[in-house]
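Summary of the model geometry
For reference, the chains in residue letters:
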Amino acid sequence: MAVLYTPHFIQFLDDDGNPLAGGKLYTYSAGTTTPKATYTTEAATVANANPVVLDSSGRAVVFLTGSYKFRLED
């Protein structure tokens with residue numbers, strides 16, 4: 001079973017406090033540069049794209065399994 005990154009969804013903002021629409025969240029195995037999957041469901045059966053592309057509100061649903069390293073880009 002996967003664990004939800006934050007309750008319901010994650011949201012990222014730019015330096016001006018605006019939603020980071022179209023931002024990209026890259027996910028890696030902790031301490032490495034090896035890409036690691038995140039998931040759209042708690043069952044961890046449907047992987048997100050990597051990078052996860054944020055919606056127009058700067059949001060995404062991200063379930064995790066294990067330890068991660070993150071990189072966020074605009």
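To start, this report covers the structure provided alongside it. None of these values were measured; they are calculated from a predicted model. (Residues numbered from 1 in each chain as written. Predicted model: local features only at pLDDT ≥ 70, side-chain atom pairs only at ≥ 80, totals over all residues. Heavy atoms only, no water.)

**Regarding the overall build of the protein chain**
To keep things clear, this is the line we draw: Numbering of helices and strands runs from the N terminus; a helix is a DSSP stretch of H or I covering at least four residues, while a strand is a stretch of E covering at least two. Summary of the burial criterion: residues with accessible area below 20% of their type's maximum are buried, those above 50% are exposed, and those between are partly exposed, where the area comes from a 1.4 Å probe applied to protein chains only. Residues count as neighbours in contact if any of their non-hydrogen atoms are within 4.5 Å of one another. Shrake-Rupley sampling with a 1.4 Å probe provides the accessible areas, and residues are treated as covered by the protein chains on show and by no other component. Under this rule, positive means Lys or Arg and negative means Asp or Glu; His and the chain ends count for nothing. Charge placement uses NZ in Lys and CZ in Arg. For Asp and Glu, CG and CD serve respectively.
Of the regular secondary structure elements, the protein chain holds zero helices and seven strands. In the protein chain, the succession of α and β elements from N to C terminus is β-β-β-β-β-β-β. For the protein chain, the spread of C-alpha atoms along the three principal axes comes to 35 × 25 × 15 Å. A burial count over the protein chain gives 30% of its 74 residues as buried. Long-range contacts, defined here as pairs at least 24 residues apart, represent 67% of the contacts in the protein chain between residues at least 6 apart. For the protein chain, the accessible area works out to roughly 4,500 Å², and carbon and sulfur atoms hold 53% of it. Put simply, the protein chain has 5 plus and 7 minus side-chain charges, and the middle of one group is 10 Å from the middle of the other.

**Focus: the sheet that holds strand S3 (residues 24-29)**
Cut-off, in case you're wondering: Here the rule is simple: two strands pair whenever DSSP picks up at least two bridges between them.
The sheet built from three strands is open, its strands ordered S4-S3-S7 with antiparallel pairing. Looking at strand neighbours, the two that pair on one side only are strand S4 (52-53) and strand S7 (68-73), the edges of this open sheet.

**Looking at the side chain of Asn-48**
To keep things clear, this is the line we draw: Definition of a polar contact: a pair of N or O atoms within 3.5 Å, with one able to donate and the other able to accept a hydrogen when the atoms are protein atoms, and with sequence-neighbouring residues admitted only if both atoms are side-chain atoms.
Its location among the elements puts Asn-48 in the loop between S3 and S4. Only 3.3 Å separates the side chain of Asn-48 from the backbone oxygen of Tyr-39, close enough to count as a polar contact. Looking at Asn-48, its side chain comes within polar contact range of the main-chain oxygen of Val-61, at 3.3 Å. Beyond its immediate sequence surroundings of up to four residues, Asn-48 is in contact with Thr-38, Tyr-39, Thr-40, Val-61 and Val-62.

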